[in-house]
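For reference, the chains in residue letters:
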Amino acid sequence: IDKLISTAMKGQHLPEMRYDWTDRFKGQYADLIISNLTKVCEKNRYAQSPDLRIRIADAILNFDSLDEYAVRSKCRALIAQKRLGIAQSIFKNFTQEYNRLMGEDFETNFNEFVK
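For the structure given in this document, a descriptive report is provided here. Because the structure is predicted, anything quoted here is derived from the model rather than measured.

Here is what the cut-offs are and how they apply
Residues numbered from 1 in each chain as written. Predicted model: local features only at pLDDT ≥ 70, side-chain atom pairs only at ≥ 80, totals over all residues. Heavy atoms only, no water. Salt bridge = Lys/Arg side-chain N within 4 Å of Asp/Glu carboxyl O. Helix = DSSP H or I, 4+ residues; strand = E, 2+ residues; numbered from the N terminus. Buried < 20%, exposed > 50% of the residue type's maximum accessible area, 1.4 Å probe, protein only. Phe/Tyr/Trp six-rings, centres within 6.5 Å; stacked < 30°, edge-to-face > 60°. Lys NZ or Arg CZ within 6 Å of the ring centre and 35° of its normal. Core = buried A, V, L, I, M, F, W, Y, C linked by side-chain atoms within 4.5 Å. Contact = heavy atoms within 4.5 Å.

A few words now on the pattern of salt bridges. Enumeration according to the criterion identifies three salt bridges in this entry. The shortest N-O distance in the salt bridge between Asp2 and Arg55 comes to 3.2 Å. Of this pair, Asp2 sits in helix H1 (residues 2-8) while Arg55 sits in helix H3 (residues 50-61), and the two are 53 residues apart along the sequence. On the basis of relative accessibility, which here comes to 48%, the residue Asp2 falls in the partly exposed class. You can call Arg55 partly exposed: its relative accessible area is 37%.

This is how it looks when you write it as structure tokens:
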């Protein structure tokens, strides 16, 4: 798990290569990382640690800043650590990014989002 997180924290694969033919490979790599990290978080008893859930969420968000699962998981982990203000700030930043990229407001409020 640590090796997967460490690899994911390095970010996109081949970021310096900007060719159309590499987009498919980069997309597959990102999808594989996100998929595997999500599975670890959902099905692995070791992922019950709030610290580990935050690390996994950060790794996923390295690839997709609008990944709702990762943001929700991170907010819940922060709440478990009694860091409500930081969780609310993470959610606020997420909703602002969502609005900027999608051109519409995120429809769920913080309390509903973390249920």
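Still to come is the rest of the account.
Further remarks concern the environment of Glu16. Residue placement: Glu16 occurs in the loop between H1 and helix H2 (20-43). Between the alpha carbons of Glu16 and Asp51 there is a distance of 31 Å; along the sequence they are 35 residues apart.

Take the packing of aromatic side chains next. For the coordinates displayed, the defined rule picks out ten aromatic pairs. Measuring from ring centre to ring centre gives 5.0 Å for Phe94 and Phe106, while their planes differ by 75 degrees; the resulting arrangement is edge-to-face. Here the residue Phe94 occupies a position in helix H5 (residues 84-102), and Phe106 occupies one in the loop between H5 and helix H6 (110-113), the gap between them amounting to twelve residues. With a relative accessible area of 4%, Phe94 lands in the buried category. Aromatic rings pair up to connect Phe91, Phe94, Tyr98, Phe106, Phe110 and Phe113 into one cluster. The ring of Phe25 carries the charged tip of Arg24 above its face, separated from the ring centre by 4.8 Å. Here the guanidinium or amino end of Arg72 rests over the ring plane of Phe113, the centre of that ring lying 4.3 Å away.

Of all hydrophobic cores here, the largest spans 15 residues; its most connected members are Ile5, Ala8, Leu37, Ile56, Ile60 and Phe63. Elements supplying a minimum of two residues to this core: H1, H2 and H3. Leave out the neighbours within four places in its chain, and Ala8 touches Ile33, Leu37, Ala59, Asn62 and Phe63. Ranked by size, the runner-up nonpolar core spans 14 residues in total, among them Val71, Phe91, Tyr98 and Phe106.

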